[in-house]
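Spelled out, the chains give:
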Amino acid sequence: MGTGSLDLDNVLSATVEDTVFRGPSTRYDVRWNGRRLSVEAQNVSRNPPHSRGDDVVVGWNADTGIIYRE
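In this text the structure is predicted, and so the values were computed from the model without any measurement.

**Examining the overall build of the protein**
Helices and strands together make up the secondary structure of the protein, namely zero helices and four strands. Counted from the first residue to the last, the protein has its helices and strands arranged as β-β-β-β. A burial count over the protein gives 23% of its 70 residues as buried. Within the protein, residue pairs in contact and separated by at least 24 positions form 50% of the contacts whose partners lie at least 6 positions apart.

Below is the structure:
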């Protein structure tokens, strides 16, 4: 997850709706194409934190993504 382009198999432009700090990671709820997605990001220095309203790029490689449906 970031603000620039990502060299990954799947890339979506989204907007941060909520953040939950979880120690070593942060869960971001983002809005993409009218759908709410949850993204778990590791809290490392190369990943600056994002705030509500930030436009972000979310991406993952095809062999590492997990999708849960409600």
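Next comes the rest of the account.
**A short note on the side chain of Ser 25**
Along the chain, the position of Ser 25 falls in strand β2 (residues 25-32). Within the structure, the side chain of Ser 25 is placed 2.5 Å from the side chain of Glu 40, a separation counted as a polar contact.

**A look at the environment of Ile 67**
Turning to its location among the elements, Ile 67 is positioned in the segment after β4 (55-60). In this structure Ile 67 comes out as exposed when scored by relative accessible area, which is 69%. Sequence separation of Ile 67 and Ser 38 is 29 residues, and the distance between their C-alpha atoms is 9.7 Å.

**A word on the sheet that holds strand β1 (residues 10-21)**
Here we have four strands laid out as an open sheet, ordered β3-β2-β1-β4, and antiparallel in their pairing. Each edge of the sheet is formed by a strand with only one pairing partner; in this case those strands are β3 (35-42) and β4. Averaged over all neighbouring strand pairs, the angle between strand axes comes to 50°, with direction disregarded. Where β1 meets β4, six bridges bridge the pair, whose relative direction is antiparallel. Paired with Asn 10 across the strands is Trp 60, a residue of β4.

**Concerning the environment of Asn 10**
By secondary structure assignment, the location of Asn 10 is in strand β1. Once the C-alpha coordinates of Asn 10 and Gly 65 are considered, the two residues, 55 residues apart in sequence, prove to be 9.1 Å apart.

**Some thoughts on the pairing of β3**
Pairing analysis gives eight bridges linking β2 to β3, with the strands arranged antiparallel. Within β3, the position partnered with Asp 29 by the bridge is Ser 38.

Rules used in this analysis
- Residues numbered from 1 in each chain as written.
- Predicted model: local features only at pLDDT ≥ 70, side-chain atom pairs only at ≥ 80, totals over all residues.
- Heavy atoms only, no water.
- Helix = DSSP H or I, 4+ residues; strand = E, 2+ residues; numbered from the N terminus.
- Buried < 20%, exposed > 50% of the residue type's maximum accessible area, 1.4 Å probe, protein only.
- Contact = heavy atoms within 4.5 Å.
- Polar contact = N/O pair within 3.5 Å; in protein donor to acceptor, adjacent residues only side chain to side chain.
- Pairing = 2+ DSSP bridges.
- Axes fitted to C-alpha atoms, helices over the stretch in contact; angles between N-to-C directions.

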